[in-house]
Amino acid sequence: MGNPAAGWVRSTRRAFAYATAAACLGTLLTVYLAELSTDKDDGGRLQPRAAPPQPDAKEFPPPKAARPPPAAAAHGMNASAGAAPYMGGGSPAGLAGCSVLKSCAGCLASEPCVWCANTHAGDVRRAAGFCVAAAGAEERACPDVESRACPAVLLHPNGQLPTNFRVIHVGIQKGGPEALVQMHLALLFWGFRTTLDTRRNKQGGQIKSFFRSSYRRELEGAPDLRWFDSYDGWLASGMAEDVFIETETWPCKNDMPYHRGMGRQVQWHLTVWPKKAREACTVAAHTHFIAKEYMAVSVRSVMYPYISPHIHELSDKNDRSPLKKEDLVLYDADSGLTDKDFAQSPTRFRAVMAKGLKPEHLYDLYARAKVCIDLRLPGAERFVYESSLFGCCVVVDDDQNGSDEVDLPIPGRFRVPAGDKAALNDRIQEVLKRHGEVTREFAPLRTFVQSQRVTFLRQVRRYFSDNVHIVTAVPAPSFAQSGSAAPRVGDVVLFVLAHVLSLPFATLDVILCPAAHASLLSHPTVALLRSLTLLASVKFTSLAPTHASCTSAAPASNLGSEASAREILQTYQPPVSAMQYVLAYASVTGFPVDQDLISVLATQAVSANASAVSLGDNDSAVFSLASRWPAVRSCTSWGASCPGTVGTSPMYRRVLQGGPLVGFTHSRTAAGSFPKSFLCQHPVYANASVQRFLPEIARCTFRL
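Engineer: Got a minute to help me understand the sheet that holds strand β8 (residues 226–227) in this structure?
Structural biologist: Note on sheets: strands pair through backbone hydrogen bonds, and any given pair is parallel or antiparallel. Spatially, six strands are ordered β8-β7-β6-β9-β10-β11 in an open sheet, and the strand pairing comes out parallel. Each edge of the open sheet carries a strand with a single partner, namely β8 and β11 (281–285). Note: strand β6 (residues 164–169) against strand β7 (residues 193–198), six bridges, orientation parallel. If you follow F165 over to β7, its bridge partner there is T194. Each of β6, β9 (242–247), β10 (264–269) and β11 touches helix α15 (residues 452–465); the most contacted strand, β11, lies at about 155° to it.

This is the structure in structure tokens:
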């Protein structure tokens, strides 16, 4: 079956391009895109954009007699979760000292140590990480290392964040429902509060027998299904701390913004589903292509589901020797092909359409086929990934998801031009003639598929750990004109964009005077971001017209000043959304944001058991436990009176020196703000859709 959305996608892209071109007049500042040659992978390291995550060890299936590395066994992996954090600083006594550190926070506070977060050698329902020496054999053997910062779920004193992650369940045996089961299990693995909610079974109880069998160990001790009368009834039951997780096939309730105290919706896009109004729903993505090209959201919102464990077990038992293969070509039923499309020369072969087959018959064909073909991929097609595990050489086209080198790390010539049957047949004949040689070129794809579970667990941990509420104030009656000291509208636009791309799950409140508020909401780029569903987690709050910062009598020294912004923030009341942490900024031009930097602040707050942590007097930021927000308001100088600072901590230095903030050094310019070009150099801007409208933002903002 073909993809009905393909034509719609092309027309939407044309309309998008026209709207972008008309958004603002001026010369394109393409110089800002010169540094955008890298992506930041889910592991926090900078890699070439085309390179997929490559863990050091195969993850599926877990060995029957899995054992932790020697250092982990020596100090007990499971003991680390509840151990008191290491409160010291500097380096432990020698590299062997890393093993005595029982928490992620304590581990990263010591320079030669890194945290191995996930080995699957312990309890499958809870992560049980341990501290190892950096750059040693144990780090190389660990598939999931945190080397710069600890995501919040690894830090919380009682092991759980307060948010309730409610995953919808549909009792049918298909890829989408299974992906949602995997999401629930990943949240459970890390210790998030999570439930699986359904409208199918009125008695609650267990999930479908296929999932119970496939995920038997992971489901041990998991909460039973919860039943709700309808989808609307499910959403209506929401509380402030609830997050409703669903796929794109469910409707987005645009009357449920995060700040109304009814919970928030996260729509996890598994395919190129026709776009609908989703302004109030936070959008995550199943694949790199869907995030980067189709939905135009942050590449940090990608969360890969994985192939069912029993298929990995079957493929491990399969002999991938070329001698066991036949001259057999297997093609997916929705590829649009028929047997007549194949040229039986010079080598003849048997072509089989994968349609209406029992699972065991399909897996047998995977094991015998030399070539497996799927075209016009709307998402991460299971046919492609499953067949690769059995040693089948995959051929796709360059349409939609097939075009993405991160999602499909295959030799380029096996990504044929869409509609080019001659190129398709050339690749078939090449594999039939040289299967033994060609199959080795598909090792990166098999490694990618084998590592998807550990990749998915890491992505879930990092994405949902960004459970932070950010607030900034713009104390100016209106935005600046030429020569004025007040902030410009583009400063706020770029500030908002940086947050939704760097921290796609975080929420943001921007407080403005009425005239500035109206000007911002009418800005063309704000309308564009809203149409891209990038503002679901953003709220623009208007001050009263009589506020001292908003009247015409406001002194010129107050325009955009940090002191005036602090006064506004000291009376701020966080929304009912009950985020775990609050990060307050005094100036939209005064401080950059980064995922690892947020984690460093959270680490410091939790480790010191402090109500507030500041980066220092000159950095204009305060990080606080949300439940203790009044303590932040009492910090008169935002640094000197707050309980602790992180400006000199080892983790803070790692974040600044380790690469996440490209081109950024911890110093101010003569004008008192960070270089505005820094955000344009940030690796998160490798998002291709953002690149299309970033020059428009730059020229409207900086007037260079």
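There is more to say, and it comes next.
Engineer: Just to check I follow, could you spell out the packing of aromatic side chains for this structure?
Structural biologist: Two aromatic rings, taken as a pair, are described by how far apart their centres are and by the angle between their planes. Counted by the stated rule, this structure contains 23 aromatic pairs. Residues F342 and F349 carry aromatic rings whose centres are separated by 6.1 Å and whose planes lie at 75° to one another, so their mutual orientation is edge-to-face. A single burial state applies to F342 and to F349, both of which are buried. Stacked on the ring of F414, the Lys or Arg R427 has its end atom at 6.0 Å from the ring centre. For R461, the ring lying beneath its charged end belongs to W190, and the centroid distance is 4.6 Å.

Engineer: I keep staring at the side chain of K370 and nothing clicks. Help me out?
Structural biologist: For K370, the location among the structural elements is in the loop between α11 (359–368) and β14 (371–373). Accessibility expressed as a relative area gives 11% for K370, which makes it buried. For K370, the residues in contact, after removing those within four places along its chain, are K325, E326, D327, L328, C392, C393, V431, L432 and H435.

Engineer: Would you take a moment to explain the packing of α11 against helix α12 (residues 382–389) for this structure?
Structural biologist: Packed helices, taken two at a time, are described by their axes: the angle between them and the distance between them. Where α11 meets α12, the closest approach of the two axes is 8 Å, and the angle between their N-to-C directions is 60°. Here α11 lies oblique to α12, going by the angle between them. Judged by the sense of rotation from one axis to the other, the crossing of α11 with α12 is right-handed. In contact with L362, Y363 and Y366 of α11, α12 contributes F383, E386 and S387. Considering only residue class, the contact of α11 with α12 consists of four nonpolar, one polar and one charged.

Engineer: Looking at this structure, I do not really get the sheet that holds strand β3 (residues 113–116). What am I missing?
Structural biologist: Strand order across the open sheet formed by three strands is β4-β3-β5, with antiparallel pairing between neighbours. Of all the strands in the sheet, just β4 (130–133) and β5 (145–146) have a single pairing partner and so form its edges. Alignment of β3 against β4, held across four bridges, turns out to be antiparallel. Bridging across to β4, C113 finds its partner in A133.

Engineer: I'm lost on the pairing of β10 in this one. Help?
Structural biologist: Consecutive side chains along a regular strand alternate between the two faces of the sheet. Counting buried residues in β10 gives six out of six residues, a clear majority hidden from the surface. Here β10 shows no split at all, with R264, V266 and W268 on one side and Q265, Q267 and H269 on the other all buried. With five bridges connecting them, β9 and β10 associate as parallel partners. Counted as the bridge partner of E246 is Q267 from β10. For β10 and β11, the ladder comprises five bridges, and the chain directions are parallel. Bridge assignment links Q267 to a residue of β11, and that residue is V283.

Conventions we followed
Residues numbered from 1 in each chain as written. Predicted model: local features only at pLDDT ≥ 70, side-chain atom pairs only at ≥ 80, totals over all residues. Heavy atoms only, no water. Pairing = 2+ DSSP bridges. Helix = DSSP H or I, 4+ residues; strand = E, 2+ residues; numbered from the N terminus. Contact = heavy atoms within 4.5 Å. Axes fitted to C-alpha atoms, helices over the stretch in contact; angles between N-to-C directions. Phe/Tyr/Trp six-rings, centres within 6.5 Å; stacked < 30°, edge-to-face > 60°. Buried < 20%, exposed > 50% of the residue type's maximum accessible area, 1.4 Å probe, protein only. Lys NZ or Arg CZ within 6 Å of the ring centre and 35° of its normal. Parallel < 35°, antiparallel > 145°, perpendicular 65-115°, else oblique. Left-handed = near helix turned anticlockwise from the far one by under 90°. Nonpolar A, V, L, I, M, F, W, Y, C, P; charged D, E, K, R; others polar.

By themselves these figures say nothing about function.
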